[in-house]
Amino acid sequence: MPTIDDVCARIDAYSDRISNQVRTLAVGLLAFAGGLIVTAVTGGEKAPKIPAWLLNRLFFIGVAALLALACDLAQYAFMYWYARRFQRALDDEIERERLKQPDFDVKLLVRDYDENDPRFVAGRLLFGLKALILLAAVSWLTIDAYVLLRQAGS
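None of the values given here were measured: they were computed from a predicted structure. (Residues numbered from 1 in each chain as written. Predicted model: local features only at pLDDT ≥ 70, side-chain atom pairs only at ≥ 80, totals over all residues. Heavy atoms only, no water.)

## Overview of helix α1 (residues 4-42)
Here comes step 1: If you check α1, its first and last C-alpha atoms are 56 Å apart, about what 39 residues at 1.5 Å a residue would give, namely 57 Å.
Here comes step 2: By the burial criterion, the buried members of α1 are S19, V22, A26, L29 and A33.
Here comes step 3: Those residues of α1 that are buried lie in contact with α2 (52-100) and α3 (118-153).
Here comes step 4: Downstream of α1 by one or two residues, G44 has phi in the positive range, about 70°. (Helix = DSSP H or I, 4+ residues; strand = E, 2+ residues; numbered from the N terminus. Expected span 1.5 Å × (residues − 1). Buried < 20%, exposed > 50% of the residue type's maximum accessible area, 1.4 Å probe, protein only. Contact = heavy atoms within 4.5 Å.)

Shown next, in the form of structure tokens:
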């Protein structure tokens, strides 16, 4: 039977994997969409003919990939900000306790995270938002590719 520490470790591992996958997929999607746009715009006569509607959509798919990366960065910034505030509060409490008891054992001081803190809430929301934005962008690209292939086949 798993302990709470086991569960927390597993959640940390999964959230790290999700964040890594989001970053990898977003950068790949950005490179793909950007590469097609740049090729179509600067390729001249030898460039593949990409319909204008698809170029417009590729631009917004690239913007969505950038937005997912920005949400990833913002998530970590908010959680860092929260963790630093949490650390300062613990440091202050340890200092106060050591003034009362010079041999105070810091391992006795256990505090739980304030999950209602706006920074903590923002970090959690941004975690989900980055994945949803990227899922929408990938779905959009998949649908557009299907439409393009259907048109080419007609």
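## Details of the packing of aromatic side chains
Here comes step 1: Considering all chains together, one arrives at 7 aromatic pairs under this definition.
Here comes step 2: Residues Y82 and F120 carry aromatic rings whose centres are separated by 5.3 Å and whose planes lie at 70° to one another, so their mutual orientation is edge-to-face. Of the two residues, Y82 is situated in helix α2 and F120 in helix α3; the sequence distance between them amounts to 38 residues.
Here comes step 3: Looking at Y82, the relative accessible area reads 2%, which means it is buried.
Here comes step 4: Of the residues examined, F120 reaches a relative accessible area of 7% and is grouped as buried.
Here comes step 5: Among the aromatic residues, those joined into a ring-pair cluster are Y82, F86, Y113 and F120.
Here comes step 6: Positioned above the aromatic ring of W81, the side-chain terminus of R119 is 5.0 Å from the ring centre. (Phe/Tyr/Trp six-rings, centres within 6.5 Å; stacked < 30°, edge-to-face > 60°. Lys NZ or Arg CZ within 6 Å of the ring centre and 35° of its normal.)

## A few points about the side chain of Q75
Here comes step 1: Relative to the assigned elements, Q75 resides in helix α2.
Here comes step 2: Judged by relative accessible area, which is 9%, Q75 ranks as buried.
Here comes step 3: Contact partners of Q75, with chain neighbours within four places excluded, come to S19, G123, L126, F127 and K130.

## Digging into the pattern of salt bridges
If the charged atoms of two oppositely charged side chains come close together, the side chains can form a pair.
Here comes step 1: One pass over the full model with this rule turns up 8 salt bridges.
Here comes step 2: The residue R85 makes a salt bridge to D117 at a minimum N-O spacing of 3.5 Å. Of the two residues, R85 is situated in helix α2 and D117 in the loop between α2 and α3; the sequence distance between them amounts to 32 residues.
Here comes step 3: A residue is classified by how much of its surface remains accessible, and R85, at 26% relative accessible area, is partly exposed.
Here comes step 4: Overall, D117 belongs to the buried group, its relative accessible area being 6%.
Here comes step 5: Salt-bridge contacts for R119 lead to D117; the nearest nitrogen and oxygen are separated by 2.8 Å.
Here comes step 6: One salt-bridge network, in which partners are shared between bridges, spans R23, D72 and K130. (Salt bridge = Lys/Arg side-chain N within 4 Å of Asp/Glu carboxyl O.)

## Re the packing of α1 against α2
Here comes step 1: The contact between α1 and α2 brings their axes to 9 Å, and the two run at 150°. Accordingly, the angle class assigned to the pair α1 and α2 is roughly antiparallel. Between α1 and α2 lies a crossing of left-handed hand. Between α1, through D16, S19, R23, A26, V27, L29, L30, A33, L36, I37 and A40, and α2, the contact on the second element is made entirely by L55, L58, F59, I61, G62, A65, L66, L69, D72, Q75 and Y76.
Here comes step 2: Across the contact of α1 with α2, the residue classes tally to 16 nonpolar, 3 polar and 3 charged. (Axes fitted to C-alpha atoms, helices over the stretch in contact; angles between N-to-C directions. Parallel < 35°, antiparallel > 145°, perpendicular 65-115°, else oblique. Left-handed = near helix turned anticlockwise from the far one by under 90°. Nonpolar A, V, L, I, M, F, W, Y, C, P; charged D, E, K, R; others polar.)

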